[in-house]
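# Coordinate inspection notes
The residues making up each chain are set out below.
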Amino acid sequence: MSKTITAILLFVFVILLVLIRFYEGVLFYDPYLTFFQNDYLYIDSPRREIAKLVSFTTLRYVLNSVISLAILFVVFKDKSILKFSALLYTLAFLVLMVFYLYFVVNPMQEDYYLFFNIRRFLIQPILLILLLPAFYYHKIKN
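Here we summarise the structure given alongside this text.

### Points about the overall build of the chain
- A count of helices and strands for the chain gives seven helices and zero strands.
- Secondary structure of the chain in N-to-C order comes out as α-α-α-α-α-α-α.
- Put simply, the chain has 142 residues, and 37% of those count as buried.
- In the chain, the proportion of contacts linking residues at least 24 apart, taken out of those at least 6 apart, comes to 71%.

What follows is the structure, encoded as structure tokens:
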């Protein structure tokens, strides 16, 4: 793959991540978007449809994960990195979703900050931000 094509693909994938973030209020059902924008430590958890919330959170995680995996593949062009990352994304989803569901079903004000951060890992491409420098460091060390 030429450097020009690599740069164009990276640009397109990053724009896709930005568009998901920019249109999150339109594309996804998430009553916690406005909840966490306000003074959430002092107000009650919003009303929510749990099945709808979980399905849209899963959809967002899958979209971010697929785009993130594409970025990792374009940058490193290594199938082993792609397989390892896909496994990591799957395990992270399973673990984070268990905690996410607990906090959605049992909302308590003292847990809002922890819930906020777990939710952040599910709806934003934070794993990509962690994996890119980790794999780069691994690549230059070998």
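### Describing the pattern of salt bridges
- Applying the stated criterion across every chain yields a total of one salt bridge.
- Here Glu 24 ties to Arg 60 by a salt bridge, and the two come within 2.6 Å at their closest N and O atoms. Of this pair, Glu 24 sits in helix α2 (residues 24-27) while Arg 60 is found in helix α4 (residues 50-76), placing the two residues 36 residues apart along the sequence.
- Of the residues examined, Glu 24 reaches a relative accessible area of 11% and is grouped as buried.
- The buried category is assigned to Arg 60, whose relative accessible area is 3%.

### Brief notes about the packing of aromatic side chains
- One pass over the structure, following the stated rule, counts eight aromatic pairs.
- Ring plane angle 75 degrees and centroid distance 6.0 Å describe the contact between Phe 76 and Phe 135, whose orientation is recorded as edge-to-face. Taken as a pair, Phe 76 in helix α4 and Phe 135 in helix α7 (residues 126-141) lie far apart in primary sequence, 59 residues in all.
- Since its relative accessible area comes to 9%, Phe 76 is described here as buried.
- Among the aromatic residues, those joined into a cluster by ring pairs are Tyr 100, Tyr 102, Phe 103 and Phe 115.
- Geometry around Tyr 29 places Lys 52 over its ring, the cationic atom sitting 4.7 Å from the centre.

The rules behind the values
Residues numbered from 1 in each chain as written. Predicted model: local features only at pLDDT ≥ 70, side-chain atom pairs only at ≥ 80, totals over all residues. Heavy atoms only, no water. Helix = DSSP H or I, 4+ residues; strand = E, 2+ residues; numbered from the N terminus. Buried < 20%, exposed > 50% of the residue type's maximum accessible area, 1.4 Å probe, protein only. Contact = heavy atoms within 4.5 Å. Salt bridge = Lys/Arg side-chain N within 4 Å of Asp/Glu carboxyl O. Phe/Tyr/Trp six-rings, centres within 6.5 Å; stacked < 30°, edge-to-face > 60°. Lys NZ or Arg CZ within 6 Å of the ring centre and 35° of its normal.

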